[in-house]
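Here is how the chains run, residue by residue.
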Amino acid sequence: MSRPYQEVRPSQFVITLGPGSILETGSGPVVLKSVDTLFNEIGRNPQDFEIVDKRLSRLGLDGARIARVPTNAELGLPSDRTIYPTHAFPFWSLCTQHRPHQVLYETGNGCPECPSVSAPQRREKAGREAIRFVQACENGHLDEVHWHGLVHEGGGCGTKYYLWHGGGRALRLVRIECPRCHATANFGQAYAKSWRCSGRIVEHGGRPAPTTTARCVQKSRIVQRGAANLRLSLLQSALTIMDMPTRLHDILNDPSLMGAVGALHRRGLLDQVALMEEAEQVGLARGAIEYLKQTNWSEISKAFDELLGAGNTGSSSLRDDELDRLRQAATSGVPAVPHPHPGSPPLFEVRQDDVRLVQGTVRRHRLRVAPVSRLRMVMVQTGYQRLDPQKAQKMSTAFDWNGTTWYPGIELFGEGVFIDLAGDSLTLAGSRANQWNDRCRSDPDGDPSLHPAHVWWHTLSHRLLRSLSVDSGYSSAAIRERVYLSTQDGRVTGSGLLLYTVQPGGDGTLGGLVALVNRFEQVLSHALRDVESCSNDPLCQEAPSAGAEGVACYSCLLASETSCEHRNQGLDRLLLAENLP
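Read on for a plain summary of the structure. Per-chain numbering applies: the sequence of each chain, read as written, is numbered from 1 onward. In keeping with the model being predicted, local features are shown solely for residues with a pLDDT of at least 70 and side-chain atom pairs are shown and tallied solely at 80 or more, while totals for entire chains, interfaces and linings include all residues. Remark: hydrogens and water are excluded; side-chain values derive from all non-hydrogen atoms of the structure.

## Remarks on the overall build of the chain
Phase 1 of the analysis: A count of helices and strands for the chain gives 17 helices and 23 strands.
Phase 2 of the analysis: Exposed residues in this analysis have more than 50% of their type's maximum accessible area, buried residues have under 20%, and partly exposed residues fall in between, with area computed by a 1.4 Å probe over protein chains only. The 581 residues of the chain split such that 52% are buried.
Phase 3 of the analysis: Per-residue and other accessible areas were derived by the Shrake-Rupley procedure at a 1.4 Å probe size, with only the shown protein chains allowed to occlude residues. Carbon and sulfur atoms form 46% of the exposed surface of the chain, whose accessible area is close to 26600 Å². Helix and strand definitions here come from DSSP, where helices need a minimum of 4 consecutive H or I residues and strands a minimum of 2 consecutive E residues; each element is numbered from the N-terminal end.

In structure tokens form, the structure reads like this:
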């Protein structure tokens, strides 16, 4: 017998699921409600599970704070206890136990042609038979298919169920009939039509849809509830590049301690005695207090300076700030001096002695390759889109708690490889570079991912992803990219690429990526081998003439959605081939 619940990892919630997503469980599909309902359900405050990243909060979230989703273990609850609020969705089910037709019925009423059973058995059966079609629009709304309107086209005879005839190979073979007035509709034709949207934000309302919801002007479509484009998560992420041990960072970022000593630090009144008094007063764990006692005060004071000044960087862009810090780390190393506490790894680590200069395959550029043996990444789900990521409206996943805006997030640790150019600037030429330049200049939004330099780095990233996965021990889907491009007055002032892998937990990963830096010449050579050709040529090569933005396909460039932060947009194999490093 299947479990009536579904286990979800916190990282899975933030990266893949989130409020408004449909989760398949043993008792049928459900919709995840907004995150504030979780904290109301467990009777806790988001502050108890806060992830502190002041740089991300200021530069990426307009000052909002970040809360992680707690696990059953953290709350001291059994693993089979359901803690996240949901409601069943969709509200209609399809009973397949009858011939020659099937029965489409409302969940609450049960199948009218099946024997009468108890309410729990009726709900269990309806969950197993939930219809696989829902209705969504590009404004982010999701609702039941309006079956009454589909069959009766605006009217209705008061029926509570319908007869489902046909099926199999195509939806055009499905005919839906009203058992009372015998009105019929072809489901294939209905599937191809646009429908009026109810304006329902499904994570805010239970079933059936509230009648008071304002109508949406956008047309909705019938889609399958398991479609990949039904909900596309929008993520904001940031590296934590600080010269301090991970444990010291975690202790000082305790919300109660930081709130107590922050004011003293800003007035210059904080010393080690005052810190110990506040730590005792807020009830900090005994092990944490002992760690602070054994840590040199100059190191603690420096850590406070970094933490409290992290949001006040000179950059107005999160990516530009990261690029500056990464280039500085590749030049001088981070931390500059190893920390004295054994077993307390730094938040970010680049050993300057391990940084290498690698000559390009045609010797046009030298690449600086810096192994990042330790990194911390904070990922936040800021919202989602439905159906079309190019045109759809963004729906926010933020929630309000006592006047403060919060987003769901996750803290991950891992390793990576940072790559930029050593000393020279990237110069691009050729027909593909000219076309991308024209596209970038004509874009009304000034999208940096259309800049030819960004396309070059992004394309190189996807080629390296495949090459690194061969020997690193990670699949290409487990390696993520982060492309950097800094411009000023239309001129490129800096660019680079971070390839990394992360996982939840403080231990991070096992060093498979950084170990390949010593043989990066072979990695680069393998990545750029046969870049001029593709097994799908001439179709792949001629794709721009047919309306595609670049020369890219799954055979030569496209990567999994977990790896590419730009959804495989802004790629061009021929641009890289015309400008090999």
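## With respect to the sheet that holds strand β11 (residues 175-177)
Hydrogen bonding along the main chain pairs the strands of a sheet, whether they run parallel or antiparallel.
Phase 1 of the analysis: Strand order in the open sheet formed by five strands is β6-β7-β10-β11-β12, with antiparallel pairing between adjacent strands. Of all strands in the sheet, those bounded by a partner on one side alone are β6 (92-95) and β12 (184-186). The average undirected angle you get between the axes of adjacent strands in this sheet is 25 degrees.
Phase 2 of the analysis: Two strands pair when backbone bridges link them, and β6 and strand β7 (residues 102-106) are joined in this way by four bridges, in the antiparallel orientation. Counterpart to S93 in the pairing with β7 is Y105. The pairing criterion for strands is at least two bridges between them, as found by DSSP. Axis angles are defined between N-to-C directions and span 0 to 180 degrees, where every axis is a line fitted to C-alpha atoms and, for a helix, only to the segment in contact.

## Topic: the side chain of H152
Phase 1 of the analysis: Note that H152 resides in helix α6 (residues 147-152).
Phase 2 of the analysis: Accessibility expressed as a relative area gives 15% for H152, which makes it buried.
Phase 3 of the analysis: There is a polar contact of 3.4 Å between the side chain of H152 and the side chain of Y162.
Phase 4 of the analysis: Any two residues whose heavy atoms approach within 4.5 Å at even a single point are treated as in contact. Among residues more than four places away in sequence, those in contact with H152 are C157, T159, Y162, C178, C181 and A183. Distance and chemistry together define a polar contact, namely a pair of N or O atoms within 3.5 Å, with one atom able to donate a hydrogen and the other to accept it when in protein, and with adjacent residues in sequence counting only for side-chain atoms on both sides.

## Overview of helix α15 (residues 452-472)
Phase 1 of the analysis: Its 21 residues place the ends of α15 29 Å apart at the C-alpha level, agreeing with the 30 Å of an ideal helix rising 1.5 Å per residue.
Phase 2 of the analysis: Within α15, 18 of the 21 residues are buried, which leaves the element mostly enclosed by the surrounding structure.
Phase 3 of the analysis: Count one or two residues on from α15 and you reach G473, which has phi positive near 90 degrees. Between the first and last residue of a helix there are one fewer steps than residues, each counted as 1.5 Å, and that sum is the expected span.

## Observations concerning the packing of α15 against helix α16 (residues 520-528)
Between two packed helices, what matters for the description is the angle formed by their axes and the separation of those axes.
Phase 1 of the analysis: Running from amino to carboxyl end, α15 crosses α16 at an angle of 120 degrees, the nearest separation of the two axes being 8 Å. The pairing of α15 with α16 is recorded here as oblique in orientation. For α15 against α16, the interelement crossing comes out right-handed. Contacts between α15 and α16 involve L460, R463, L464, S467, L468 and V470 from the first element and F520, V523, L524, H526, A527 and L528 from the second.
Phase 2 of the analysis: All amino acids are sorted into three groups, where Ala, Val, Leu, Ile, Met, Phe, Trp, Tyr, Cys and Pro are nonpolar, Asp, Glu, Lys and Arg are charged, and the leftover types, Gly among them, are polar. Here the residues of the contact of α15 with α16 sort into nine nonpolar, two polar and one charged. Angles are sorted into four bins: roughly parallel if under 35 degrees, roughly antiparallel if over 145, roughly perpendicular if 65 to 115, and oblique for all others. By convention, the crossing between two helices is left-handed when the near helix turns anticlockwise from the far helix through less than a right angle, and right-handed when the turn is clockwise.

## So, the sheet that holds strand β14 (residues 216-224)
Phase 1 of the analysis: Ordered by their spatial adjacency, four strands build an open sheet running β9-β8-β14-β13, and the pairing between neighbours is antiparallel. The open sheet has two edge strands, β9 (142-143) and β13 (195-197), and neither has a second partner.
Phase 2 of the analysis: Note: β13 against β14, three bridges, orientation antiparallel. Note on β14: the bridge partner recorded for C197 is C216.

## Some thoughts on the nonpolar core
Phase 1 of the analysis: F39, L239, F348, L375 and F418 are the most contacted members of the largest nonpolar core, which has 41 residues in total.
Phase 2 of the analysis: Those elements that provide at least two residues to this core are α1 (10-15), β2 (28-32), α2 (35-42), α13 (318-332), β18 (366-385), β20 (399-401), β21 (404-421) and β23 (491-504).
Phase 3 of the analysis: Apart from residues no more than four positions distant in its own chain, F418 is found in contact with L323, L326, R327, A330, R368, V369, A370, V372, G496, L497 and L498. In this text, buried Ala, Val, Leu, Ile, Met, Phe, Trp, Tyr and Cys residues form a nonpolar core when linked through side-chain atoms within 4.5 Å.

## A few points about the pairing of strand β15 (residues 232-239)
Phase 1 of the analysis: The element β15 is largely enclosed, with a buried count of six among its eight residues.
Phase 2 of the analysis: Here β15 pairs with β18 via eight bridges, running antiparallel. Considered in β18, the bridge of L232 is made with Q385.

## Points about the packing of aromatic side chains
Phase 1 of the analysis: Pairing of aromatic rings covers Phe, Tyr and Trp, the last through its six-membered ring, and needs centres within 6.5 Å; plane angles under 30 degrees mean stacked, over 60 mean edge-to-face, and all others mean tilted. Considering all chains together, one arrives at twelve aromatic pairs under this definition.
Phase 2 of the analysis: Ring geometry for W147 versus W164: centroids 6.1 Å apart, planes at 65 degrees, classification edge-to-face. In this pair, W147 is assigned in helix α6 and W164 in strand β10 (residues 161-165), connecting sequence segments 17 residues apart.
Phase 3 of the analysis: Taking relative accessible area as the criterion, W147 reaches 1% and is therefore assigned buried.
Phase 4 of the analysis: Taking relative accessible area as the criterion, W164 reaches 6% and is therefore assigned buried.

## With respect to α13
Phase 1 of the analysis: A rise of 1.5 Å per residue sets the reference length of α13, with its 15 residues, at 21 Å; its end C-alpha atoms lie 21 Å apart and thus fit the reference within 8%.
Phase 2 of the analysis: Phi for G333, located one or two positions after α13, is positive at around 85 degrees.

## What about the pairing of strand β1 (residues 22-25)?
Phase 1 of the analysis: When β1 meets β2, the two strands line up antiparallel, connected through four bridges. Bridged to I22 within β2 is V31.

## With respect to the side chain of R482
Phase 1 of the analysis: By the secondary structure assignment, R482 is in strand β22 (residues 480-488).
Phase 2 of the analysis: In terms of polar contacts, R482 uses its side chain to reach the side chain of Y484, at 3.3 Å.

## What about the state of the cysteines?
Phase 1 of the analysis: The definition used for a disulfide is geometric: two cysteine sulfur atoms within 2.5 Å. With the rule as written, the count across this model stands at zero disulfides.
Phase 2 of the analysis: Unpaired in terms of disulfides, C95 finds its nearest cysteine sulfur in C114, a separation of 3.6 Å.
Phase 3 of the analysis: Considering cysteine sulfurs only, C553 is the nearest to C534, which forms no disulfide, with 3.4 Å between them.
Phase 4 of the analysis: Relative accessible area serves as the criterion here: at 11%, C534 is assigned to the buried category.

## Thoughts on the pattern of salt bridges
Side chains carrying opposite charge are able to pair once their charged atoms draw close together.
Phase 1 of the analysis: Every case where a carboxyl oxygen of Asp or Glu lies within 4 Å of a side-chain nitrogen of Lys or Arg is listed as a salt bridge. One pass over the full model with this rule turns up 24 salt bridges.
Phase 2 of the analysis: Its salt-bridge partner being R175, residue E177 comes within 3.9 Å of it at the nearest N-O pair.
Phase 3 of the analysis: Residue E177 is classed as buried on the basis of its relative accessible area, which comes to 13%.
Phase 4 of the analysis: In this structure, E521 engages R356 in a salt bridge whose closest nitrogen and oxygen atoms are separated by 2.7 Å.

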